[in-house]
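# Residue-level structure breakdown
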There are 2 protein chains.
Amino acid sequence: MDTQTTLPESATSSFSTRTDSIYDCIVEPMHQVERMLRDQMQSKYEDLAPLLAHGALLGGKRLRPALVLLSGMATGSITTEHIVVGTVVEMVHTATLIHDDVLDSAQHRRHMPTVNAKWNNQTSILLGDYLFSQAFTLSASLGSTLACRWIGEAARLVCEGELRQIMTQGLMRLGEEDYLDIIRGKTAELCRVSCRLGAAYSNADETTQQTLASYGENLGIAFQIADDYLDLWGSAERVGKTLGTDLDQAKPTLPLIRLLETDPLMEDQIETILSLEADQRFQAIMQRLERSDAKQYTLETARRFATNAIDAIESLPSSDAKQTLCDIAMFSVNRGF
Amino acid sequence: MDTQTTLPESATSSFSTRTDSIYDCIVEPMHQVERMLRDQMQSKYEDLAPLLAHGALLGGKRLRPALVLLSGMATGSITTEHIVVGTVVEMVHTATLIHDDVLDSAQHRRHMPTVNAKWNNQTSILLGDYLFSQAFTLSASLGSTLACRWIGEAARLVCEGELRQIMTQGLMRLGEEDYLDIIRGKTAELCRVSCRLGAAYSNADETTQQTLASYGENLGIAFQIADDYLDLWGSAERVGKTLGTDLDQAKPTLPLIRLLETDPLMEDQIETILSLEADQRFQAIMQRLERSDAKQYTLETARRFATNAIDAIESLPSSDAKQTLCDIAMFSVNRGF
């Protein structure tokens, strides 16, 4: 499949699907984040140690700390503050993942059992709360209230986006604008604030901070739309979870929204289709999606936001960090396709 | 029932079971907290407004903001910072209540339907997270990181206490010391930090801050032990929830711990009793509790901590605020008995 038609050529040269090689220019500070994360996830109580250790492994690709470090490096030097902020955003992200797995009754995440599967929902709820609290305490260890304010507000917007998403669950009349607004909160906001804080702690001026913030927001949206795509057309093995789970949860995603907007027959059929058994529902939706332009449209939309992300930081001076940010934007729309 | 045998006479003079009259000397600042709370619980999204408005009403007696204000008044003057801190601790407390109601599958709280009953568990989890994030953002609006650090750490200790409690659920061999350690985190910590922050924002010295902190911790423990008592011997109507729910959840509480420690026969019988149907289990446990000293012991222990709370602030100069703190300590062990 040709995945590079809408992306600028300069950004594709060192593209790789392996995140560990993408992070080449921040190997040492990423290790520091990993160590701080492990230190934060310890407990003097024996009962809690295995639980916290399990939680520390759930985040996966550590995208948000990488965004903090790369944004810092692309606009100045990496300091201890960047390591702290990177650890904090990863802890907040992990807390939201643990709670998401309860919301979705998910059994696996990245080929590991979820906390709700290995322990139970109660433990998941409390562990998520524990991580939120610990993350805010850590961010308050920085000299000013800046990180607390921005990360607190970002976490609120994440919850607001998720609340709006479950309030619209099953409501298959959500327009594309509302959908984008929801994922802007749910997924893009923490990426946006990670990038902006990275620049702020390198003493970048307001304009440069906004440049990085715009990169982060567009990247987050691209990632989420690509996730919507992968939920239907990804490889179950590479994605590490069952396909069609968004459909099972009746979550409005971009492919479905596009299908409903372009196929006049769907409006009458959707309720009937959604009431079918899981397997039949998946088949029926997939057949209709394949006959529509929803697949191509979703991919193109994801690519458009990835391109916007790359364009946003065009004015930054060339550096390994800037190139890596471009590579990540490319990676966001090329995972497992 | 004579409930005042172990409490100093000076503290009982203006005792009342009505919390609204207890708060007489902080009526206006309590209204300011209430207004700020309502402002914080608004949303530009129509879907979310009724949910947030419902959340704002769940806290009930507003004990924690009252502790912030009274501690501030007993050691200096009330400032805007006290109003903000009072609002923040109430939001954190409300978030933990909303999540507790999911953990306990509770249907009612203070004669109102819980969020999980009126909406669902997913909404409850996200609303709790939303309140946590909003609370931390608000606390970061203060000039320094002080409130963020202390409240963040208190919230972490609350979660740690609750996690330890569910990890020991059904484990009827918990000793009294471990039990006290758990409720010190789960219930007392947020009271402790509310009092300490109240004193800190009145510029009280470290010794005075510790005095108020000690009051808050002892008060919180007294409240929780009294709650344990009320779960078995309270009036369902006044408590506003079904009796015996701790027993249904197999939560170790002080009456049960005392029974197991003093009745040698219970050790062999407890597993059998806990496996009975809810009604029979309640009857069987109650019969054995009535034959033991567990009821009296629980009440005396709660009173001992209430007395410790009052003793802790003995050195403070006389004031309406100090007297009210004493009244609240009395109230903690006299509710609905």
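Treat the numbers as computed from the prediction; the structure is a model and nothing was measured. (Residues numbered from 1 in each chain as written. Chains lettered and ligands numbered in written order. Predicted model: local features only at pLDDT ≥ 70, side-chain atom pairs only at ≥ 80, totals over all residues. Heavy atoms only, no water.)

## A look at the packing of helix H13 (residues 254–262) of chain A against helix H16 (residues 294–312) of chain A
All names here are of chain A. Across the interface, H13 lies against H16 with an axial gap of 9 Å and an inter-helix angle of 130°. The angle between H13 and H16 falls in the class oblique. Our pair here, H13 against H16, has a crossing hand that is right-handed. Facing H13, whose interface residues are Leu254, Pro255, Arg258 and Leu259, H16 presents Ala294, Tyr297, Thr298 and Thr301. Here the contact of H13 with H16 is built from residues that sort into five nonpolar, two polar and one charged. (Axes fitted to C-alpha atoms, helices over the stretch in contact; angles between N-to-C directions. Helix = DSSP H or I, 4+ residues; strand = E, 2+ residues; numbered from the N terminus. Parallel < 35°, antiparallel > 145°, perpendicular 65-115°, else oblique. Left-handed = near helix turned anticlockwise from the far one by under 90°. Contact = heavy atoms within 4.5 Å. Nonpolar A, V, L, I, M, F, W, Y, C, P; charged D, E, K, R; others polar.)

## Some thoughts on the interface of chain B and chain A
Listed as interface residues are 44 residues of chain B and, on the opposing side, 44 residues of chain A. The junction of chain B with chain A conceals about 4000 Å² of combined surface from both sides, 71% of it contributed by carbon and sulfur atoms. Elements with a minimum of two residues in the side of chain B that touches chain A: helix H5 (80–103), helix H7 (121–139) and helix H8 (146–167) of chain B. Looking at which element gives the most residues to the side of chain B that touches chain A, the answer is H8(B), with 13 residues. A per-class count over the side of chain B that touches chain A returns 20 nonpolar, 15 polar and nine charged. (Buried area = accessible area lost by both parts, 1.4 Å probe.)

## A closer look at the relation of the copies chain B and chain A
In screw terms, the move from chain B to chain A is a rotation of 180° and a rise of 0.0 Å along the axis, fitting with an RMSD of 0.0 Å. Read as a symmetry element, the transformation amounts to a two-fold axis. Across chain B, the smallest distance between a C-alpha and the rotation axis is recorded for Thr145(B), namely 2.7 Å. Counting the interface residues of chain B, we find that 100% of their copies in chain A are interface residues as well, pointing to one common contact surface. (Least-squares fit on C-alpha atoms with pLDDT ≥ 70 in both.)

## Re unusual backbone geometry
Backbone geometry places Asn203(A), a non-glycine residue, at a positive phi of 60°. As for its position among the elements, Asn203(A) is in the loop between helix H9 (176–200) and helix H10 (206–233).

## A look at the confidence of the model for chain A
All names here are of chain A. Per-residue confidence for chain A gives a mean pLDDT of 87; residues scoring 70 or more make up 90%. Mean pLDDT values over the elements of chain A span from 58, in helix H11 (residues 236–239), up to 98, in helix H4 (residues 63–75). Per-residue pLDDT stays below 50 along residues 1–18; that stretch engages in 38 contacts with residues further than four places along the chain or on separate chains. Across the interfaces of the predicted complex, the ipTM metric reaches 0.88, alongside a pTM of 0.89. (pLDDT = per-residue confidence, 0-100.)

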